[in-house]
Amino acid sequence: MRIFQVSFTVLLFVFFSSPNEQQMARAFTGTYGINYGRIADNIPSPDEVVTLLRAAKIKNVRIYDADHTVLNAFKGAGLELVVGLPNGFVKDMSTNADHAVTWVKDNIMAFLPDTNIVGIAVGNEVLGGSDSDLAVALLGAVKNIHNATKELGIDKSVQITTAHSQAVFENSFPPSSCIFKDGVAQLMKPLLEFFSQIGSPFCLNAYPFLAYTYNSDKIDINYALFQKNKGIVDNKTDLHYDNLLDAQIDAAYAALEDAGFKKMEVIITETGWASHGDQNEPAATPDNARTYNYNLRKRLAKRKGTPLRPKRMLKAYIFALFNENSKPGALSEKNFGLFKADGSISSDIGFPALKSSSATSSLLSHKEFRVQMLLGSHLSVFAVSAAVLLF
């Protein structure tokens, strides 16, 4: 009788749940993930990367393309993978639905279920960029890729998203004043409407490192690094912020609410801090990188939300797994990795390193790393200057 009652209760729950709740594909387990970028000629093989990720117990992984060597390496690994459709494919996918089906069939369907692909990221930082034709094509590509997953019967297990930079926003300080830029809003709203229908989140690449680098005269570095500081108060909402990332996220929530999408979740798809940079990037130091990434890991482990959305647990993918020596741009672009190219530690936040120099991959003991993490966290506290909050 008790079994029947429990079963009946479950059936009632399923019956009265909204269609979105029943059908939503979810691409994130827990709160912590990492971006596995490969714009480098000296990083470990995909098989070694799987060993490294499993030892670190990092389950959520994003890649920026559909390289079959990587997808094969992840078979049976128990890791949840979001695969990127590069920007160079977006225009074609937008205009040719058959090509979208072929791409999904060859790069996603062919590897399921052995490789646990849970999402497809269609393009990266397309809106707000300089290519207006690419921006116009994004919605069509998103729809065609989603329709391809439906046609192949995997739409309920593979989530469709796209990641935005903060260039899509206007007036992001204070957080409550944030809205989408005029040139972006007309393309953003139909995209958000579609994502709302299929249950996808708003994905944001948020970098306190960049905000501080370009506004060091206005931002306390301790505020950017999750260190002790006075914080800021948003006078409109009367909410207090003790770190910059939370403020950036709530700015996104404010823009979404202004656009009519108050219930949409914000997930951070990239955030991190560079350990080395050019002369005009003095905050890119090993101590600051370790401090940011260590404190961010602690922040995510609390499984709490932001001041504006306290019940919405924050989820973030860290950028990035490795330093990438072939990335173009500023020196900082090459130095966001938690690990160096040889698999040794770049920013020590407690994850074990991969010793790729030996014949077989081996991991430093957890005891060694706990000691290193403890020493590193103490050193970083002394290394971070007590800048004056100028907001």
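In the block above lies the structure referred to throughout.
Residues numbered from 1 in each chain as written. Predicted model: local features only at pLDDT ≥ 70, side-chain atom pairs only at ≥ 80, totals over all residues. Heavy atoms only, no water.

**Comments concerning the overall build of the protein chain**
Heads up, the condition is: Secondary structure is summarised from DSSP: a helix means a run of H or I of at least four residues, a strand means a run of E of at least two, and numbering begins at the N terminus for each. Here's how the labels work: a residue is buried when its accessible area is under 20% of the maximum for its type, exposed when over 50%, partly exposed in between, all with a 1.4 Å probe on protein chains only. In short, Shrake-Rupley with a 1.4 Å probe defines the accessible areas, and a residue's cover is counted only from the protein chains shown.
In terms of regular secondary structure, the protein chain is built from 13 helices and twelve strands. Buried residues in the protein chain amount to 51% of all 391 residues. With the model as given, the accessible surface of the protein chain reaches about 18300 Å², and the carbon-plus-sulfur share is 53%.

**Regarding the packing of aromatic side chains**
Here is the rule: Each Phe, Tyr or Trp ring (for Trp, its six-membered ring) is paired with any other whose centre lies within 6.5 Å, and the angle between the two planes then decides the class: stacked below 30 degrees, edge-to-face above 60, tilted in between. Should the NZ of a Lys or the CZ of an Arg lie within 6 Å of a ring centre and within 35 degrees of the ring normal, that charge is described as sitting over the ring.
Following the criterion strictly, the structure yields 15 aromatic pairs and no others. Seen from their ring centres, phenylalanine 226 and tyrosine 292 are 5.2 Å apart, and the 45° between their planes marks the pair as tilted. Taken as a pair, phenylalanine 226 in the loop between helix H10 (221-224) and strand E9 (232-234) and tyrosine 292 in helix H12 (residues 286-301) lie far apart in primary sequence, 66 residues in all. Among the aromatic residues, those joined into a cluster by ring pairs are Tyr207, Phe209, Phe226, Trp273, Tyr292, Phe319 and Phe336. In this arrangement the basic side chain of arginine 38 is found over the ring face of tyrosine 36, its NZ or CZ atom lying 6.0 Å from the centre.

**A closer look at the pattern of salt bridges**
The cut-off we apply is this: Note on definitions: salt bridges are taken to be side-chain nitrogens of Lys or Arg within 4 Å of carboxyl oxygens of Asp or Glu.
Tallying each qualifying case throughout the model produces ten salt bridges. Salt-bridge contacts for lysine 59 lead to glutamate 80; the nearest nitrogen and oxygen are separated by 3.9 Å. Taken as a pair, lysine 59 in the loop between helix H3 (46-56) and strand E2 (60-62) and glutamate 80 in strand E3 (residues 80-85) lie far apart in primary sequence, 21 residues in all. On the accessibility criterion, lysine 59 (35% relative accessible area) is partly exposed. Given a relative accessible area of 11%, glutamate 80 falls into the buried group.

**A few points about the pairing of strand E4 (residues 117-124)**
Moving residue by residue along a regular strand, the side chains alternate between the two faces of the sheet. Rule in force here: Whether two strands pair depends on DSSP finding at least two bridges between them. By definition, the crossover connecting two strands over a helix is right-handed if that path, from the first strand to the second, turns clockwise as seen with the strands pointing away from the viewer.
Among the eight residues in E4, seven count as buried, and that is most of the element. As judged from the five bridges shared by E3 and E4, these two strands associate in the parallel manner. In the strand pairing of E4, leucine 81 is matched with isoleucine 117. Sheet topology places E4 next to strand E5 (residues 159-164); four bridges connect them, and they run parallel. Opposite glycine 119, over in E5, you have glutamine 159 as the bridge partner. As a crossover connection, the stretch from E4 through helix H7 (residues 132-151) into E5 is right-handed.

**Thoughts on the pairing of E3**
Within E3, six of the six residues are buried, which leaves the element mostly enclosed by the surrounding structure. Of the two faces of E3, the one holding Glu80, Val82 and Gly84 and the one holding Leu81, Val83 and Leu85 are both buried throughout. In this sheet, E3 lies alongside E2 in parallel orientation, the contact comprising three bridges. Across the sheet, residue asparagine 60 finds its bridge partner in E3, namely glutamate 80. Once you follow E2 into helix H4 (residues 68-73) and on to E3, the crossover reads as right-handed.

**As for the sheet that holds strand E12 (residues 316-318)**
Remark on secondary structure: sheet strands pair via backbone hydrogen bonds, oriented parallel or antiparallel. Here is the rule we go by: Helix axes are fitted to C-alpha atoms over the stretch in contact, other axes to C-alpha atoms as well, and angles between N-to-C directions run from 0 to 180 degrees. For this analysis, residues touch if any pair of their heavy atoms sits within 4.5 Å.
An order of E1-E2-E3-E4-E5-E8-E11-E12 is seen for the eight strands of this closed barrel, with the pairing classed as parallel. Mean inter-strand twist for the sheet, computed between neighbouring axes without regard to direction, equals 25°. Pairing between E5 and strand E8 (residues 202-205): two bridges, direction parallel. Residue pairing across strands places alanine 163 opposite cysteine 203, the latter belonging to E8. Those strands touched by helix H8 (residues 182-198) are E5 and E8, and its axis lies near 150° from that of E5.

**Observations concerning the packing of helix H5 (residues 87-95) against helix H6 (residues 97-107)**
Applicable threshold: Should an angle lie under 35 degrees it is considered roughly parallel, over 145 roughly antiparallel, and from 65 to 115 roughly perpendicular; all remaining angles are considered oblique. Side-chain classes follow a simple rule in which Ala, Val, Leu, Ile, Met, Phe, Trp, Tyr, Cys and Pro form the nonpolar group, Asp, Glu, Lys and Arg form the charged group, and the remainder, Gly included, forms the polar group.
Two elements in contact, H5 and H6, have axes separated by 5 Å at closest approach and are oriented at 125°. Classified by the angle between their axes, H5 and H6 sit oblique to one another. Two secondary-structure elements touch here, H5 through Phe89, Asp92, Met93 and Thr95 and H6 through Ala97, His99, Ala100 and Trp103. Split into classes, the residues belonging to the contact of H5 with H6 amount to five nonpolar, two polar and one charged.

**Section: the packing of H5 against H7**
Our working rule: It is the rotation of the near helix from the far one that decides the hand of a crossing: anticlockwise by less than a right angle makes it left-handed, clockwise makes it right-handed.
Following both chains from N to C, one finds H5 and H7 inclined at 65°, their axes separated by 7 Å at the closest point. Relative to H7, the element H5 lies roughly perpendicular. Judged by the sense of rotation from one axis to the other, the crossing of H5 with H7 is left-handed. The segment H5 lies against H7, with Asn87, Val90, Lys91, Met93, Ser94 and Thr95 engaging Asp133, Leu134, Ala137, Leu138, Gly140, Ala141, Asn144 and Ile145.

**Notes on helix H11 (residues 244-259)**
Our working rule: A helix is expected to span 1.5 Å multiplied by its residue count minus one. Polar contacts, as counted here, are pairs of nitrogen or oxygen atoms within 3.5 Å of one another; within protein the pair requires one atom able to donate a hydrogen and one able to accept it, and residues that are adjacent in sequence qualify only if both atoms are side-chain atoms.
For H11, spanning 16 residues, the distance from its first C-alpha to its last is 23 Å, which sits close to the expected 22 Å at 1.5 Å a residue. A large share of H11 lies buried, amounting to 14 of its 16 residues. For H11, the side-chain oxygen to backbone nitrogen distance between the N-cap and leucine 245 is 3.2 Å, and the N-cap itself is asparagine 243. In the stretch just after H11, glycine 260 is the one whose phi turns positive, near 100°.

**Let's talk about the nonpolar core**
The following threshold applies: The criterion is simple. A nonpolar core is a set of buried Ala, Val, Leu, Ile, Met, Phe, Trp, Tyr and Cys residues joined through side-chain atoms within 4.5 Å.
Counting 113 residues, the largest nonpolar core has Tyr36, Trp103, Val122, Ile145, Phe180 and Phe202 as its most contacted members. Non-local contacts of valine 122, meaning those with residues more than four positions away in its chain, are made with Leu85, Val90, Leu138, Ala141, Val142, Ile145, Ile160, Thr161 and Thr162.

**A closer look at H12**
The terminal C-alpha atoms of H12 lie 22 Å apart, and with 16 residues this matches the ideal 22 Å at 1.5 Å per residue to within 8%. Turning to H12, its buried residues are Asn288, Ala289, Arg290, Thr291, Tyr292, Asn293, Asn295, Leu296, Arg299 and Leu300. Phi turns positive, to about 55°, at arginine 303, one or two residues after H12.

Coordinates in, geometry out; function isn't part of it.
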